Amino acid sequence: MNTVRLTTAQALVRFLAHQYSERDGQEQRLLPGVWGIFGHGNVAGIGQALLQAAVTKEADLPYYLARNEQGMVHASVAYAKMRDRLAAFACTASTGPGSTNMITGAALATTNRLPVLLLPSDMFATRAADPVLQQLEDTRGGDVTVNDAFRAVSKYFDRISRPEQLIPAALAAMRVLTDPVETGAVTLALPQDVQAEAYDWPIEFFRRRVWHVGRPVPEPAAVERAAQLLRQARKPLIVAGGGAVYSGAETALRAFAEATGIPVADTHAGKGAVPWDHPYAVGGIGSTGSYAANELAREADVVLGIGTRYSDFTTASHTVFANPDVTFVNLNVARLDAVKHSAEPLVADARLGIQALAGALTDWEVPAEYRTLTRRLIARTREIEEECFHVGHGPLPAQTQILGALNDVLDDRAVVINAAGSLPGDLQQLWRARDPKAYHVEYAYSCMGYEIAAGVGVKMADPTREVVVLVGDGSYLMMAQEIVTMISEGLKVIVVLVQNHGFASIGALSESLGSQRFGTKYRYRDSDSGLLDGEVLPVDLAANASSLGADVLHATSVDAFRSAMEKAKAATRTTVVHVETDLYGPNPPGHGWWDVPVSQISALDTTRAAYDAYAAHKQTQRHYL
């Protein structure tokens, strides 16, 4: 057997550089590069291997420097999302806190079912120097390290305690990364001594490998069962999730809706699969859903879920599908999701499944009066949107007015990124996406701090698009460091920084639950009350963004915001548009509910009143059996 002598780290770098994915005859690099921050745990292992690869050209695996380990995982996940899960980055971090900083990013990746390869450094496999710097000493066993925390949030985890263990582990890692059903965070923990240990590797380990991402074909009998249920429907509704986008099912879905007349609601991950102005697009569904989508959902007799995992926001905590006889048909590549809500499962690729259903329903469409109802509800929804966009609030504008202006100034291919706070709810109702990649809201994990780092990954995935990071001051304060990465990599991103001096989303939620916005405002501590409800803090986030290297524009009104956005679009480097909005809204009208438990007993009148309202909503909650 022909072999080559390399360290474990050098072998891993060479292996990763030769991995490709393929779908529908199109090949691409599975791992186009490695993000990293070096410390004593990986600088002489993975760090040396990446340097050697760059200098000798023995492996094409570029290195990218991040400023925060969690941030680099977010950037990687955003890249994978833009690339329909067909490409992913690896992330290397040093021992201890450098590695555990990646755990939140790992949880986000796995919850969103997006691939990322994590390479946390680990303690000495030989234990020759125990306890080394940053080592956890666990009385339960000598093989426990902080990296065991990755097990719960990884779809695959392995610790490489001998060089030869890398061979099966690396192959297993690629299998999971390229499996649409199993994908998520993949973690290979690398003890720092093993990274630098040499071994005679079989040459065949480094051959060019193409991992084929298939399209599971729907079972004919399952198609017929699903079609039979739809034929009986009088008020069916489609819920399009992320799977409709990842499978490239947009064209098939639009044609299916037009042929059958079934209206299409969407989740955050599915928004844009059908353009907002399509005659059967009824908008976001669920807790923060649109008027049209939620009205149709309440009476729907058959719900066709396509590529959705039915989060509590999608179902409004099991209240939005209110028809007592509602039946579900779930088209999903993952059986886990296909059988949810006692559904008739159609386990298949979304695009092929839609095409199969279309073929089985060529002689069927919804009643004419249902098409008329759909058009009427959409018209009312448009009126609600326009009212939000032009509410005329002052002296500070409402956030909805800023979103209206942003809708106007961006073209159809511009990507809007968000993840947490009050913005996702406003966006689900108000954002008008015509392109399946134009709406990039991470709402499976809803991670504060995702937005700016994600802007890096999205721009790298498609440099031809305008990338707009929409971030509140709460998320900005969590993680703004990757603005520096945008500057160092020469990436042009627009960051719209919406400052309202508090947590608008949780503040409004707190108020609705009787907790009086406690702990949700950025204020001095009041000497009399002892609470954080004094004067507004003198925080200058615009100055902070400027100090990180970005150009900064200020807007104090909606018109000024429009003007600033035009300047930012014309710019050639990362630009932050800073605008202040009213912490207290007004927000879009609510059409759904979200189950957040309220204290059953309380000394506060506001909490007692909130519990009465909560108990009433709980009466409408149900299992779908």
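Look up: the structure comes first, before these words.
Residues numbered from 1 in each chain as written. Predicted model: local features only at pLDDT ≥ 70, side-chain atom pairs only at ≥ 80, totals over all residues. Heavy atoms only, no water.

Notes on the sheet that holds strand 23 (residues 575-580)
Step number 1: If you walk across this open sheet you meet the six strands as 19-18-20-21-23-22, and the pairing is parallel. In this open sheet, the two strands that pair with only one neighbour each are strand 19 (439-441) and strand 22 (551-555). Recorded for the sheet is a direction-independent mean angle of 20° between the axes of neighbouring strands.
Step number 2: In the sheet, strand 18 (residues 415-418) pairs with strand 19 via three bridges, with the strands oriented parallel. For N418, the partnering residue across the bridge sits in strand 19 and is V441.
Step number 3: Along the sheet, helix 23 (residues 558-570) contacts strand 21 (494-499), strand 22 and strand 23; its crossing angle with strand 23, the most-contacted strand, is approximately 175°. (Pairing = 2+ DSSP bridges. Helix = DSSP H or I, 4+ residues; strand = E, 2+ residues; numbered from the N terminus. Axes fitted to C-alpha atoms, helices over the stretch in contact; angles between N-to-C directions. Contact = heavy atoms within 4.5 Å.)

Brief notes about unusual backbone geometry
Step number 1: Cis peptide bonds are those with omega within 30 degrees of zero, and the linkage from D130 to P131 qualifies with -10°.
Step number 2: Topologically, P131 is positioned in the loop between strand 7 (116-122) and strand 8 (156-159).
Step number 3: Cis geometry marks the peptide bond from G585 to P586, where omega comes out at 5°.
Step number 4: Mapped onto the elements, P586 comes out in the loop between strand 23 and helix 24 (605-618).
Step number 5: Positive phi outside glycine occurs at R127, with the angle close to 60°.
Step number 6: As for its position among the elements, R127 is in the loop between strand 7 and strand 8.
Step number 7: Among the residues examined, R127 registers a relative accessible area of 43% and is labelled partly exposed.
Step number 8: Positive phi is not limited to glycine here, since Y310 has a value of about 55°.
Step number 9: With respect to the helices, strands and loops of the structure, Y310 is situated in the loop between strand 15 (302-306) and helix 12 (312-315). (Buried < 20%, exposed > 50% of the residue type's maximum accessible area, 1.4 Å probe, protein only.)

Some remarks on the nonpolar core
Step number 1: Membership of the largest hydrophobic core comes to 58 residues, with the highest contact counts inside it found for L237, L253, I306 and F321.
Step number 2: Top contributing element to this core by residue count: helix 8 (residues 220-231), with five residues.
Step number 3: Once residues within four sequence positions are removed from consideration, I306 is found in contact with I238, V239, A240, G241, A244, L253, L331, A350 and I354.
Step number 4: Core analysis: the next-biggest nonpolar cluster, separate from the first, contains 56 residues, I37, A75, V415 and V471 among them. (Core = buried A, V, L, I, M, F, W, Y, C linked by side-chain atoms within 4.5 Å.)

Some thoughts on the sheet that holds strand 6 (residues 90-93)
Step number 1: Ordered in space as 5-4-6-7-9-8, the six strands form an open sheet in which the pairing is parallel. Looking at strand neighbours, the two that pair on one side only are strand 5 (63-65) and strand 8, the edges of this open sheet. Here the strands of the sheet are splayed against their neighbours by 20° on average, with no regard to which way each runs.
Step number 2: Bridge count for strand 4 (residues 34-36) against strand 5 is three bridges, and the pairing is parallel. Bridged to V34 within strand 5 is Y63.

Focus: helix 17 (residues 423-430)
Step number 1: In terms of residue burial, helix 17 counts as a mostly covered element, since eight of its eight residues are buried.
Step number 2: Inspection of helix 17 places L423, P424, G425, D426, L427, Q428, Q429 and L430 among the buried residues, and these make up the whole buried set.

Digging into helix 21 (residues 504-512)
The α-helix advances 3.6 residues per turn, and as a result positions three or four apart in sequence lie on the same side.
Step number 1: Inspection of helix 21 places A504, G507 and S510 among the buried residues, and these make up the whole buried set. Seen from one end, helix 21 has its buried residues packed into an arc of 125°, which puts them on one side.
Step number 2: Positive backbone phi, approximately 85°, marks G514, located one or two places after helix 21. (Arc of directions from axis to C-beta.)

What to know about the packing of aromatic side chains
The description of two aromatic rings rests on the distance between their centres and on the angle between their planes.
Step number 1: Tallied over the entire structure, the rule returns 18 aromatic pairs.
Step number 2: Note on Y79 and F89: the rings are 4.8 Å apart at their centroids and 85° apart in plane angle, and the pair reads as edge-to-face. Note that Y79 is positioned in helix 3 (residues 69-82) and F89 in the loop between helix 3 and strand 6, a separation of 10 residues in sequence. Both residues of the pair, Y79 and F89, count as buried.
Step number 3: Ring geometry for F313 versus W594: centroids 4.7 Å apart, planes at 65°, classification edge-to-face. Taken together, the positions of F313 in helix 12 and W594 in the loop between strand 23 and helix 24 put the pair 281 residues apart, joining distant regions of the chain. (Phe/Tyr/Trp six-rings, centres within 6.5 Å; stacked < 30°, edge-to-face > 60°.)

Digging into the packing of helix 3 against helix 5 (residues 103-112)
Step number 1: Where helix 3 meets helix 5, the axes come as close as 7 Å, and the angle between the chain directions of the two elements is 20°. With respect to their mutual orientation, helix 3 and helix 5 come out roughly parallel. For helix 3 against helix 5, the interelement crossing comes out right-handed. Of the residues in helix 5, those in contact with Q70, V73, H74 and V77 of helix 3 are T104, G105, A106, L108 and A109. (Parallel < 35°, antiparallel > 145°, perpendicular 65-115°, else oblique. Left-handed = near helix turned anticlockwise from the far one by under 90°.)

Focus: the pattern of salt bridges
One side chain can pair with another of opposite charge once the charged atoms of both are near each other.
Step number 1: Applying the stated criterion across every chain yields a total of 42 salt bridges.
Step number 2: Salt-bridge contacts for R562 lead to D408; the nearest nitrogen and oxygen are separated by 3.0 Å. Of this pair, R562 sits in helix 23 while D408 sits in helix 16 (residues 399-409); the two residues are 154 residues apart in sequence, bridging distant segments of the chain.
Step number 3: One salt-bridge network, in which partners are shared between bridges, spans D24, R215, D349 and R351. (Salt bridge = Lys/Arg side-chain N within 4 Å of Asp/Glu carboxyl O.)

Notes on the packing of helix 8 against helix 14 (residues 350-360)
Each packed pair of helices is defined by two parameters, the angle between the axes and the distance between the axes.
Step number 1: Where helix 8 contacts helix 14, the axes come no closer than 9 Å and their chain directions differ by 60°. Compared by their axis directions, helix 8 and helix 14 come out oblique. The chirality of how helix 8 crosses helix 14 is right-handed. The residues of helix 14 that touch helix 8, namely those facing V223, A226, A227, L230 and R231, are A356, L357 and A360.

Points about the pairing of strand 20 (residues 467-472)
Step number 1: For strand 20, the buried fraction is high: six of the six residues fall into the buried class.
Step number 2: What you see with strand 20 is no split at all: V467, V469 and V471 on one side and V468, L470 and G472 on the other are buried throughout.
Step number 3: Here three bridges tie strand 18 to strand 20, and the two strands are oriented parallel to one another. Counted as the bridge partner of I417 is V469 from strand 20.
Step number 4: Strand direction decides the pairing type here: strand 20 and strand 21, joined by five bridges, are parallel. Note on strand 21: the bridge partner recorded for V469 is V495.

Looking at the side chain of S475
Step number 1: Of note, S475 is situated in helix 19 (residues 473-478).
Step number 2: Overall, the relative accessible area of 4% leaves S475 in the buried class.
Step number 3: Setting aside residues up to four positions removed in sequence, S475 forms contacts with A420, M448, G449 and E451.

A look at the side chain of D193
Step number 1: Inspection of the secondary structure puts D193 in helix 7 (residues 192-195).
Step number 2: Separated by 2.9 Å, the side chain of D193 and the backbone nitrogen of A125 make a polar contact.
Step number 3: Sequence-distant contacts of D193, that is, excluding residues within four places in its chain, are made with M123, F124, A125 and T126. (Polar contact = N/O pair within 3.5 Å; in protein donor to acceptor, adjacent residues only side chain to side chain.)

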